[in-house]
Amino acid sequence: MEVKEEESSGTPLELFLKIGLDERTARNTIANNKVTNNLTAVIHEAGVTEGCNRTIGNLLYMVATKYPANALIHRPTLLGYIVSTKIKTPAQLEAAFSFLSSTASESFELKEFEEACGVGVEVSEEDIEQTVNEVFKQNKGSILELRYRINVGDLFGHVRKRLPWADPKIVKKLIDAKLYELLGERTAADNEKPSKQKKEKPAKVEDKKVADENPVQPSEDLNPFLIFPNPEENFKVHTEVFFSDRPVLRCCNTKEVLDKHLKRTSGKVYTRFPPEPNGYLHIGHAKAMFVSFGLAKERGGCCYLRYDDTNPEAEKKEYIDHIEEIVEWMGWKPFKITYTSDYFQELYELAVELIRRGHAYVDHQTPEEIKEYREKKMDSPWRDRPIAESLKLFEEMRLGMIEEGKATLRMKQDMQSDNGNMYDLIAYRIKFTPHPHSGDKWCIYPSYDYAHCIVDSLEDITHSLCTLEFETRRASYYWLLHVLDLYQPYVWEYSRLNVTNTVMSKRKLNFLVTNKHVDGWDDPRLMTLAGLKRRGVTSTAINAFVRGIGITRSDSSTIRLERLEYHIREELNRTAPRTLVVLQPLKVVITNLESGLVMDLDAKKWPDASTEDSSAFYKVPFSRVVYIEQSDFRMKDSKDYYGLAPGKSVLLRYAFPIKCTEVVLADDNKSIVEIRAEYDPSKKTKPKGVIHWVAEPSREVDPLSIEVRLFDKLFNSEVGSYLFYVDLFISFPNPCPSKIERYLTTSVFIVRILQNMKIGFQM
């Protein structure tokens, strides 16, 4: 390779090429001064300035970019293992990083180190093949269903979890071979990308990607919680906080802190579901419950229900009671029910300690001034006030001696950071408002950014799980725990749940409720869990839906409402008995059936009920007068129409074929008064159409009449949540069912078996 004059022997570029980096990677590395300096030092430290093979070079590059900063004293030892090829795979190297990070600057036994890194462990191809076969056996259903669209990375991860030191190239080769053995050659369908339906873009509205997936329930074989580490692994660097004056904070637990935590928890998984009691829970919270409660259940751990009640102005006892009720309805049992307000005293004492350590100050800027100063990256005029003065003022805040809005306690973080969540966030503010849980004991209340991470630590949470919009808050989360020397939970963000044709924001839901555009928080059109429950959706269907979506970090898609409806149908088809109902009745007189004769016929409670199961049937009357849906009759027939028409036959479900022989019209010669028909008692007629019906239970006695409320989607537009503006609202919600406009009728006919219906009614 030709080297330019300015890149002569001994330059970083030449060193990087000698260890096997390709030219593009080498040049990109040189563009980063930090990595260049680290890699140059590693090459000299390893004694390979004259070059090495590419495998060793790639491992050295990993050392330069990922080595734990708290264990630099042990780096020469690790490099010796790499150069001698005792450590030869990325998996071994990652294990070495974990071991050394937990060891830090302390001495360690080489034997323990080698065991932790798999030094000398040889995994045979036979062992790998056996493990691959086991993984395929466990996931066979998913593989056969998805074929070559299966996520091979997941299969690879299952094998690696069991054989961490297996050669990844052999693992990949055997997985590919096993796929071919099971599925054969790729078909054209395997290579096709899922088709995307084109949608019209609403005017002046940003288009949002919608996941165009077939609503097929994924196999339960793939455990969605395998992505989470075990509590004893919580010694790795959680995140790096880059300060504007160059230092980098690599947040992680020390061995001593982690050991104390594991002793308190007995090594169990501890999670929390932390809703704010300022509204009703929606289906997005169902996913959050599934992730946090589900992980704890799967690992034999504990999950708190913790109310994030730091804002007394927005919180109500009604919401607190609702949340507890809904969590139970969703099938989850909290380990304990706690409140952030339970820890107000500890939070206050830690705030005092934060001031003493020089990491917080009392500020007198107004909210507008704070916003302006943050936008300009300017320090508050009170940022450098003496510690003693801030301590005195904070005590006066607590005692109610300072007016509301005249002072806040702010964390002294980094006003020049690239992360806006490090701009001296507010820790405490004054609010002369009684608290629904703690009463009037406090007039200062902690902020979410201050309280959330500390309470996670105080409750020994092992996995602090939240949605992706909180990812930028990682820096402040770990910064605060670090400066207070507190235990640090493992934080993991996942994509929030977005569903078409609705809104998911509590603020927007509150707007709909308070402005009476909907019939309360439990309006059946809303994606609140109370609304879904009122609509008849089961908690098991909702949990199946969120499990099917999975726990990923992909935040670019919205799930179609039809996918949720698929899971609802799957559940109701197994559990909810069906019966005959006619919403808009049209009278049919069967002229060849004896007047007064009533036949009891067998009808299925479930569409796919077995004929061998007598309990799956119920009796319905069939008589001379029956009622069908108005929409199931037309005066003009057509090839693509399967309902009833003059001279045409249809099958009354579970009963007999009937043929229209006459249509009786009103005086206007347009409105249909009744249909006259003849039935085929032999059932030899085989019409294509099958329709619902309800009969008179006895001569000249109407079927049971009830009121029915028909609910549709909240928004006709698929992207309703993104069109939600106050001035546009009236033109976008589905006009069908508001409290006033909702379709109500008293002329709906049902079978009499339902006359004693109530919640929990069984046919």
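The rules we used
- Residues numbered from 1 in each chain as written.
- Predicted model: local features only at pLDDT ≥ 70, side-chain atom pairs only at ≥ 80, totals over all residues.
- Heavy atoms only, no water.
- Helix = DSSP H or I, 4+ residues; strand = E, 2+ residues; numbered from the N terminus.
- Contact = heavy atoms within 4.5 Å.
- Areas by Shrake-Rupley, 256 points an atom, 1.4 Å probe, with all protein chains shown as cover.
- 1 Å grid on protein atoms, 1.4 Å probe; cavity = no way out; pocket = protein on both sides within 12 Å on 5 of 7 lines; lining within 4 Å.
- Points joined across faces, edges and corners; volume = space filled by probe spheres on them.
- Phe/Tyr/Trp six-rings, centres within 6.5 Å; stacked < 30°, edge-to-face > 60°.
- Buried < 20%, exposed > 50% of the residue type's maximum accessible area, 1.4 Å probe, protein only.
- Lys NZ or Arg CZ within 6 Å of the ring centre and 35° of its normal.
- pLDDT = per-residue confidence, 0-100.
- Pairing = 2+ DSSP bridges.
- Axes fitted to C-alpha atoms, helices over the stretch in contact; angles between N-to-C directions.
- Parallel < 35°, antiparallel > 145°, perpendicular 65-115°, else oblique.
- Left-handed = near helix turned anticlockwise from the far one by under 90°.
- Core = buried A, V, L, I, M, F, W, Y, C linked by side-chain atoms within 4.5 Å.
- Expected span 1.5 Å × (residues − 1).
- Polar contact = N/O pair within 3.5 Å; in protein donor to acceptor, adjacent residues only side chain to side chain.

Undergrad: For the overall build of the protein, give the residues involved together with the corresponding values.
TA: Within the protein, the secondary structure is distributed over 24 helices and 25 strands. Residue pairs at least 24 apart in sequence account for 71% of intrachain contacts in the protein once pairs closer than 6 positions are excluded. Per element, the accessible surface of the protein, about 38,800 Å² overall, is 49% carbon and sulfur.

Undergrad: Explain empty space enclosed by the protein to me, using residue names and the numbers behind them.
TA: To locate leftover empty space, one rolls a probe as large as a water molecule over the atoms. Applying the stated criterion across every chain, the model contains two cavities of 30 Å³ or more. Size it by volume and the largest cavity reaches roughly 130 Å³. Around the largest cavity, the lining is made up of 13 residues, and of these Tyr-448, His-452, Phe-470, Arg-473 and Tyr-477 lie nearest the centre. Counting residues per element, the ones that place at least two in the lining of the largest cavity are α19 (448-458), β11 (463-467), α20 (474-483) and β12 (490-494). The leading source of residues in the lining of the largest cavity is α19, at four residues.

Undergrad: Describe the packing of aromatic side chains, and please don't skip the residues or the numbers.
TA: Inspection of the entire model under this criterion finds 28 aromatic pairs. Between Tyr-448 and Phe-470, the aromatic rings sit 5.7 Å apart at their centres with planes inclined by 40 degrees, giving tilted as the arrangement. Highlighted residues: Tyr-448 in helix α19 and Phe-470 in the loop between β11 and α20, separated in sequence by 22 residues. On the accessibility criterion, Phe-470 (24% relative accessible area) is partly exposed. For the pair Tyr-477 and Tyr-478, a centre-to-centre distance of 5.1 Å together with 75 degrees between the ring planes defines the contact as edge-to-face. Exposure remark for Tyr-477: the relative accessible area of 9% places this residue in the buried category. An aromatic cluster of three or more residues is present, and its members are Phe-344, Tyr-348, Phe-394, Tyr-428, Trp-442, Tyr-445 and Tyr-450. In this arrangement the basic side chain of Lys-86 is found over the ring face of Tyr-81, its NZ or CZ atom lying 5.4 Å from the centre.

Undergrad: I'd like a description of the confidence of the model for the protein, backed by residues and values.
TA: Any segment with low pLDDT has predicted coordinates that should not be analysed in fine detail. Per-residue confidence for the protein gives a mean pLDDT of 85, with 88% of residues at or over 70. Here residues 211-221 is modelled with pLDDT under 50, and outside its nearest four sequence neighbours on either side it reaches 26 contacts, counting other chains as well. Predicted confidence is poor over residues 720-746, with pLDDT under 50, and the contacts of this stretch with residues over four places away or in other chains come to 70 contacts.

Undergrad: I'd like to hear about the sheet that holds strand β7 (residues 360-363), residue by residue, with values.
TA: As summarised here, the arrangement of the four strands in space is β7-β8-β9-β10, forming an open sheet in which the pairing is antiparallel. What marks the edges here is a single partner per strand, and that holds for β7 and β10 (444-446). Each strand axis lies, on average, 20 degrees off the axis of its neighbour in the sheet, ignoring direction. Of the strand pairs in this sheet, strand β8 (residues 408-411) and strand β9 (residues 426-430) are connected by three bridges, and their pairing is antiparallel. The residue bridging Thr-408 from the neighbouring strand is Arg-429, located in β9. Seen against the sheet, α19 touches β8, β9 and β10 and runs at an angle of roughly 60 degrees to β10.

Undergrad: Please set out the packing of helix α5 (residues 75-83) against helix α7 (residues 110-117) residue by residue, giving values where relevant.
TA: Interhelical geometry of α5 versus α7 gives an angle of 55 degrees and a closest axis separation of 13 Å. The angle between the axes of α5 and α7 places the two elements in the oblique class. With respect to the hand of their crossing, α5 and α7 are arranged in right-handed fashion. Contact residues: Thr-77, Leu-78 and Tyr-81 in α5; Leu-110, Phe-113 and Glu-114 in α7.

Undergrad: Kindly report on the nonpolar core, identifying the contributing residues and their values.
TA: Counting residues in hydrophobic clusters, the biggest one holds 46 residues, and the most contacted among them are Leu-347, Phe-394, Leu-409, Tyr-428, Tyr-450, Ile-454 and Leu-480. In terms of residue count, the dominant contributor to this core is helix α16 (residues 344-356) (eight residues). When residues no more than four places from it in sequence are discounted, the contact partners of Leu-480 are Leu-354, Met-411, Asp-449, Tyr-450, Cys-453 and Ile-454. Among the nonpolar cores identified, the runner-up in size contains 45 residues, and Phe-273, Ala-286, Ile-542 and Leu-561 belong to it.

Undergrad: Pulling in residues and values, what's your account of helix α8 (residues 125-138)?
TA: In this model α8 runs 20 Å from its N-terminal to its C-terminal C-alpha over 14 residues, within 8% of the 20 Å that 1.5 Å per residue would give. Packing partners of the buried residues in α8 comprise α9 (140-146), α10 (152-162) and α11 (168-183).

Undergrad: Outline the side chain of Asp-424, listing residues and values.
TA: Within the element layout of this structure, Asp-424 appears in the loop between β8 and β9. The class for Asp-424 is buried, based on a relative accessible area of 0%. At a separation of 2.8 Å, a polar atom in the side chain of Asp-424 contacts the side chain of Tyr-361. Among all residues touching Asp-424, those that are not within four sequence positions of it are Tyr-361, Arg-374, Arg-383, Arg-410, Met-411, Lys-412, Gln-413, Asp-414 and Met-415.

Undergrad: Describe in detail the environment of Ile-227, supporting the description with residues and values.
TA: Here Ile-227 is to be found in the loop between β1 (210-211) and β2 (239-242). Exposure remark for Ile-227: the relative accessible area of 42% places this residue in the partly exposed category. Between the C-alpha atoms of Ile-227 and Asp-154, which are 73 residues apart in sequence, the distance is 9.7 Å. What Ile-227 contacts, discounting residues up to four positions off in sequence, is Trp-492 and Ile-551.

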